[in-house]
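Spelled out from the first residue to the last, the chains are:
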Amino acid sequence: MAGYIGRRLLGLVPLLLGITLLSFFMIHLAPGKPTVLQDSMNPKISLDVRNRLEKLYGLDKSLPAQYFLWMQRLLKLDFGRSLGDDRLVMEKIMERMPVTLSINILSMVVLFLIAIPLGIQCAVKEGTFFDHAWTILLFLLFAAPTFWLALLLMQFFGITLGWLPISALKSLDYEYFTWWQKIGDLARHLFLPILVSAFGSLAGVSRYMRSNMIETLQQPYMYTARAKGLPEQTVIYKHALRNAILPIVTIIGLSIPGLLGGSVIFESIFALPGIGRLFYEAVMMRDYPLIMAEVVIGAVLTMTGNLIADIAYAYVDPRIRYKK
Amino acid sequence: MALGLKQESYHTYRQGNIVWLKVFIERLSLLVIAFFVYASAPAQDYGDAYVSGSIADARTLIPILASDSASSEICSMIFNGLVKYDKDVSLVGDLAQSWEIQNEGLTIIFHLRKNVSWHDGRPFTARDVEFTYMKLIDPGIKTPYSGDFERVQSFTVIDDYTIKVTYKEPFAPGLSSWGMPIMPRHILENQDFSNTPFSRHPVGTGPYCIKSWKSQEKIELVSYREYFEKRPYIDRYISRVIPDEATTFLELQTQGIDSSSLTPLQYLRQTDTPFFRKHYRKFNLPNFSYIYLGYNLSNPKFSDKRVRQALNYAVNKKEVIDMVLLGLGRPLTGPFIPGSWAYNPLVIEDSFDQKKARELLKDAGWVDNNADGWLEKEGKIFEFTIITNQGNLERIKVAEIIQRQLESVGVKVKIKVVEWSVFLTEFINKKNFESVLLGWSLSRDPDNFDIFHSSKTREGEFNFVGYRNPQVDDLLVEARRVFDQEKRKVYYHKIHQLIYDDQPYMFLYAPDNLTILQARFKGIKPAPLGIGYNFIDWWVEKKEQRYNRISSQ
């Protein structure tokens with residue numbers, strides 16, 4: 001087992017190297033230069049000045065030289081400084097991480113809290129009006145563009161009813177609030193973003209749940225359970241659910257790398273300081289150090305995810321462990 | 001006689017008395033009026049906050065490194081330059097009390113204010129100006145603004161409050177370049193500019209100090225009570241980052257923000273509701289920018305002046321403004337802002353005349369020989385591409401209208417939209433275009449040497465259309481040497497006329513700057529410079545204040 005893990009870990013090194021090499025040259029292949037310094041064509045910023053700035057940022061060196069320097073820094077876990085504002089790339093990412101992470105986790109919790117019971121109910125009442133109505137509704141939700149749905153909800157809850165704030169994470173006077181006012185304020189601000197981001201995946205997860213449940217309910221051991229005279233609630237929530245929920249657990253596992261991914265559109269609409277906008281802007285501005293940091297973090301996360309999955313499989317299935 | 005005398009004296013006494021009484025009544029009534037004026041206009045209250053929405057977050061608050069508009073906006077509240085523009089767009093002293101121009105413009109002597117202190121209480125002196133200047137010309141500093149300061153031959157501190165700047169040659173735009181925010185030497189002296197906490201927690205001399213900056217959320221400033229002009233009435237200035245325009249507009253409806261710029265559609269229609277009329281005021285202000293169609297003059301299609309003039313006749317600018325901006329823009333004939341002193345009002349736009357356009361094109365050899373609707377010359381159809389940048393719907397619409405209007409004189413236009421970074425590096429800088437639809441944001445000084453002088457045509461420079469007119473070249477150089485506005489004006493008026501005749505650009509319009517502001521703010525006086533210039537005079541009556549939590553300084 002240890003040997004297997006060791007081999008897998010060693011294999012990751014060239015893989016990561018390959019990913020960084022490919023992506024480094026690819027992002028430099030995209031035409032355009034870092035435009036931070038000239039974003040509005042200011043005639044006061046002369047050509048000589050711009051050439052000098054490129055030099056100061058080390059952009060005049062050859063690509064392999066730039067890659068080498070970047071790699072050297074990376075080995076010391078230094079992602080460099082952003083071309084946009086000279087701040088440490090890592091600092092910029094860490095600043096945004098908590099927002100994205102907490103919204104993603106909360107919306108995942110909300111998603112499963114709604115989707116699982118809904119899926120079960122639809123499966124139990126398969127073919128009834130309840131089932132059909134939810135099927136239609138879920139597909140409508142699935143088909144509705146997130147930004148449009150978000151705007152409608154903002155209009156309704158924020159303006160027509162006036163119950164909820166429209167955007168941002170906190171009120172302007174947040175720091176003067178008492179702690180329970182702060183929690184209330186955060187909850188009011190996060191309600192719509194979490195709801196909207198959960199809506200997007202609601203259809204998928206609840207449909208999974210429904211079909212798994214339907215399949216499980218047709219298994220012979222269900223007859224046994226019922227034949228034993230168990231109450232219907234126990235049959236469904238104890239015997240059927242435990243078997244039907246397994247694939248859902250896999251989905252949860254698969255969505256863990258996604259927890260760190262943000263969405264540009266979503267964050268822009270709710271004016272949230274998340275990670276999606278950070279990387280989108282980095283790409284638009286050709287902020288190379290920041291883009292590369294994103295690539296590396298994404299690659300490492302995905303590789304770790306796969307590794308954990310593989311190890312888990314190896315643990316349960318000896319055939320994988322011993323295969324050369 | 002005695003009686004008479006008495007009568008006379010009585011009379012004079014009476015008269016004197018009446019005069020005195022009259023004066024008394026006049027004075028009294030003045031007092032009464034003054035009292036009522038005073039009573040009806042209560043003293044200006046302190047307090048409240050002003051909340052604006054910004055599309056993007058600031059990048060750095062080191063003013064000489066800040067090149068984006070969000071950063072510059074915040075910097076302008078925190079810092080002062082030596083000079084600034086007043087409401088009528090003429091230069092006045094800011095940190096400089098006054099200045100003298102000597103040696104036929106070679107030397108400027110600034111006399112600095114003595115009562116100015118930094119936000120940390122330390123006095124502001126000439127050493128701070130010297131420090132800022134040294135950083136501006138330091139080749140190791142990533143500032144985009146060094147150009148104007150490299151023309152300085154010597155910079156001398158005469159005493160703590162006097163500075164002498166000598167230029168290599170007279171350079172009139174140099175004066176306005178001293179509007180560059182001045183930074184504190186005592187804090188930044190031994191700091192590395194690319195890694196200093198100052199970039200997020202600056203210390204300035206301006207009316208507001210930084211309180212907090214939460215990346216991509218908001219920047220909060222608080223008023224500096226010892227500001228040398230006076231304590232600003234509004235206690236807090238908050239800039240919220242709202243990247244989405246639709247959200248910004250929804251936030252106006254919940255009054256989550258106090259101010260925003262508007263699109264013409266929002267200005268005319270969407271804010272024309274009882275709610276907006278009650279809670280907001282709208283302003284239509286001049287904008288320091290214009291939109292144009294530039295021709296690549298080295299392309300044989302456009303090298304003939306008659307062709308460019310014909311194209312100008314063939315496009316109806318009024319229709320462009322009406323359709324794209326719903327009429328909220330001004331046509332212009334030259335490279336200056338309509339209404340500014342440099343703009344020559346005598347250059348009148350030739351009226352829209354497609355018949356004349358066809359005649360001119362015919363003179364230049366473009367005729368429709370095969371009656372297919374398109375003009376040809378030497379067997380080739382007159383066809384060209386307009387490129388413009390992605391993400392600006394307004395420009396794409398303009399291009400489409402021009403396309404349709406030129407079609408009716410037999411000129412075929414294609415439109416290509418390119419992402420901004422690629423647009424600049426691959427098309428503009430490499431002069432890889434036939435015509436380009438773009439805009440210029442102008443500084444308040446009219447000098448446009450970099451845009452129209454024939455020496456500025458290298459890759460990456462701003463005369464990318466390749467305009468060359470020796471007369472204009474000379475005038476541009478001369479105009480830079482003259483400080484007196486009345487005399488300088490003559491040069492720019494000539495330049496305006498010559499450039500209009502040459503048509504290197506088809507000048508399209510200067511869009512209006514449409515702004516909306518919450519109605520509780522008082523003291524706003526719209527002027528040619530806009531409304532923000534007297535922000536420290538803005539105030540809100542106590543009972544209307546919305547953000548009343550005391551800000552601790």
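Residues numbered from 1 in each chain as written. Chains lettered and ligands numbered in written order. Predicted model: local features only at pLDDT ≥ 70, side-chain atom pairs only at ≥ 80, totals over all residues.

## Observations regarding the overall build of chain A
The following threshold applies: Under the DSSP-based scheme used, a helix requires at least four consecutive residues in state H or I and a strand at least two consecutive residues in state E, with every element numbered from the N terminus. Our exposure labels follow a C-beta count within 10 Å of each residue's own C-beta, placed from the backbone: buried means 20 or more other C-beta atoms, exposed means 12 or fewer, and partly exposed covers the counts in between.
Secondary structure assignment for chain A yields 14 helices and 0 strands. In chain A, the succession of helices and strands from N to C terminus is α-α-α-α-α-α-α-α-α-α-α-α-α-α. Taken along its principal axes, the extent of the C-alpha atoms in chain A is 85 × 65 × 40 Å. Looking at chain A residue by residue over its 324 residues, the buried ones come to 28%.

## Describing the packing of helix α8 (residues 220–227) of chain A against helix α9 (residues 232–244) of chain A
All names here are of chain A. As a reminder of what qualifies: Comment: axis = line fitted to C-alpha atoms, over the contacting stretch for helices; angle = value between 0 and 180 degrees taken between N-to-C directions. Our angle categories are set so that under 35 degrees counts as roughly parallel, over 145 as roughly antiparallel, 65 to 115 as roughly perpendicular, and the remainder as oblique. Each crossing gets its hand from how the near helix is turned against the far one by less than a right angle, where anticlockwise is left-handed and clockwise is right-handed. Here the contact rule is simple: place C-beta atoms from the backbone, and any two residues whose C-beta atoms are within 7 Å are in contact.
The interhelical angle for the contact between α8 and α9, taken along N-to-C directions, is 140 degrees, at an axis separation of 11 Å. The orientation of α8 with respect to α9, classified from their angle, is oblique. Crossing angle aside, the handedness with which α8 passes α9 is right-handed. Each of M222, A225 and R226 in α8 lies in contact with α9, whose residues at this interface are V235, H239 and A240.

## Side note on the interface of chain A and chain B
This is how the line gets drawn: Residues are grouped as follows: Ala, Val, Leu, Ile, Met, Phe, Trp, Tyr, Cys and Pro are nonpolar; Asp, Glu, Lys and Arg are charged; all remaining types, including Gly, are polar.
If you look at the interface, chain A gives 43 residues, while chain B gives 47 residues. Put simply, the parts of the chain that give the side of chain A that touches chain B at least two residues each are α2 (47–56), α6 (146–160) and α11 (264–269) of chain A. If one sorts the elements of the side of chain A that touches chain B by residue count, α2 of chain A sits on top with 6 residues. Taken together, the residues of the side of chain A that touches chain B break down into 20 nonpolar, 11 polar and 12 charged.

## Quick word on the sheet that holds strand β14 (residues 329–330) of chain B
All names here are of chain B. The line we're drawing: Strand pairing is assigned whenever DSSP detects at least two bridges linking the two strands.
Across the sheet, which stays open at both edges, the 6 strands sit in the order β14-β20-β13-β19-β17-β18 with mixed pairing between neighbours. Only two strands of the sheet have a single neighbouring strand rather than two, namely β14 and β18 (412–418). Relative to strand β20 (residues 505–511), β14 runs antiparallel, the two sharing 2 bridges. Paired with G329 across the two strands is P511, which belongs to β20. Where helix α11 (residues 317–325) meets the sheet, its contacts fall on β14 and β20, and the angle it forms with β20 comes to roughly 40 degrees.

## So, the pairing of strand β1 (residues 49–54) of chain B
Residues and elements named next belong to chain B. The element β1 is largely enclosed, with a buried count of 5 among its 6 residues. One ladder, built from 6 bridges, connects β1 with strand β10 (residues 236–241); its direction is parallel. The partner of S54 across the bridge, within β10, is V241.

## A few points about the sheet that holds strand β6 (residues 152–159) of chain B
Residue and element names in this part refer to chain B. Read from one edge to the other, the open sheet built from 4 strands follows the order β4-β5-β7-β6, with strand pairing classed as antiparallel. Strands at the two margins of the open sheet, each flanked by one partner only, are β4 (96–102) and β6. The average undirected angle you get between the axes of adjacent strands in this sheet is 15 degrees. Pairing of β4 with strand β5 (residues 107–112), which is carried by 6 bridges, proceeds in the antiparallel orientation.

## Here's the deal with the packing of helix α16 (residues 470–479) of chain B against helix α17 (residues 485–502) of chain B
Each pair of packed helices can be summarised by the angle the axes make with each other and by the distance between the axes. Residue and element names in this part refer to chain B. Following both chains from N to C, one finds α16 and α17 inclined at 155 degrees, their axes separated by 9 Å at the closest point. Considered as vectors, α16 and α17 are oriented roughly antiparallel to each other. Like other packed secondary-structure pairs, α16 and α17 cross with a definite hand, here left-handed. Contacts from Q471, V472, L475, L476, E478 and A479 of α16 reach α17 at R488, Y491, Y492, K494, I495, L498 and I499. Class assignment for the residues of the contact of α16 with α17 results in 9 nonpolar, 1 polar and 3 charged.

## What to know about helix α12 (residues 354–363) of chain B
Residue and element names in this part refer to chain B. Short version of the rule: The arc in question is the one traced by the directions running from the helix axis out to the C-beta atoms.
Within α12 the residues assigned to the buried category are A357, R358, L360 and L361. End-on view of α12: buried residues confined to an arc of 165 degrees, all on one side of the axis. Within α12, the exposed residues directed more than 90 degrees away from the buried face are K355 and D363. Each element contacted by the buried residues of α12 is listed here: α10 (305–314). Looking one or two residues beyond α12, the residue adopting positive phi is G365, at roughly 100 degrees.

## Re the pairing of strand β19 (residues 435–441) of chain B
As a general feature of sheets, a regular strand has side chains that alternate between the two faces. Residues and elements named next belong to chain B. Taken across its 7 residues, β19 has 6 buried, putting it largely inside the fold. Pairing between strand β13 (residues 289–295) and β19: 7 bridges, direction antiparallel. For Y292, the partnering residue across the bridge sits in β19 and is L438.

## Topic: the nonpolar core
Here is the rule: Here, a nonpolar core means buried Ala, Val, Leu, Ile, Met, Phe, Trp, Tyr and Cys residues linked by C-beta atoms lying within 7 Å of one another.
Grouped together as the largest cluster of nonpolar side chains are 131 residues, with contacts concentrated most on I78, L221, Y292, L361 and L508 of chain B. Counting residues per element, this core draws most heavily on β20 of chain B, at 6 residues. Judged by nonpolar contacts, the second largest core, of 38 residues, contains M108, W134 and V196 of chain A together with V241 of chain B.

## With respect to the confidence of the model for chain B
All names here are of chain B. Applied cut-off: A residue's pLDDT is the confidence the predictor assigns to it, expressed on a 0 to 100 scale.
Looking at chain B, pLDDT values average 88 and 92% of them are 70 or higher. Throughout residues 1–16 the model reports pLDDT below 50, and contacts reaching past four residues in sequence, or to other chains, amount to 0 contacts. Listed scores for the predicted complex are pTM 0.81 and ipTM 0.77.

## Details of the environment of I311 of chain A
Residue and element names in this part refer to chain A. Structurally, I311 is set in helix α13 (residues 288–316). With 15 C-beta atoms packed within 10 Å, I311 lands in the partly exposed category. Note: C-alpha distance between I311 and Y4 (307 residues apart in sequence) is 8.5 Å.

## Topic: unusual backbone geometry
The phi angle at R286 of chain A is positive, at roughly 55 degrees, despite the residue not being glycine. Inspection of the secondary structure assignment puts R286 of chain A in the loop between α12 (275–284) and α13. For R286 of chain A, a count of 23 C-beta atoms within 10 Å gives the class buried. The backbone of E104 of chain B shows a phi angle near 55 degrees, a positive value even though the residue is not glycine. With respect to the helices and strands, the residue E104 of chain B is situated in the loop between β4 and β5. The exposure class assigned to E104 of chain B is exposed, which follows from the 11 C-beta atoms found within 10 Å.

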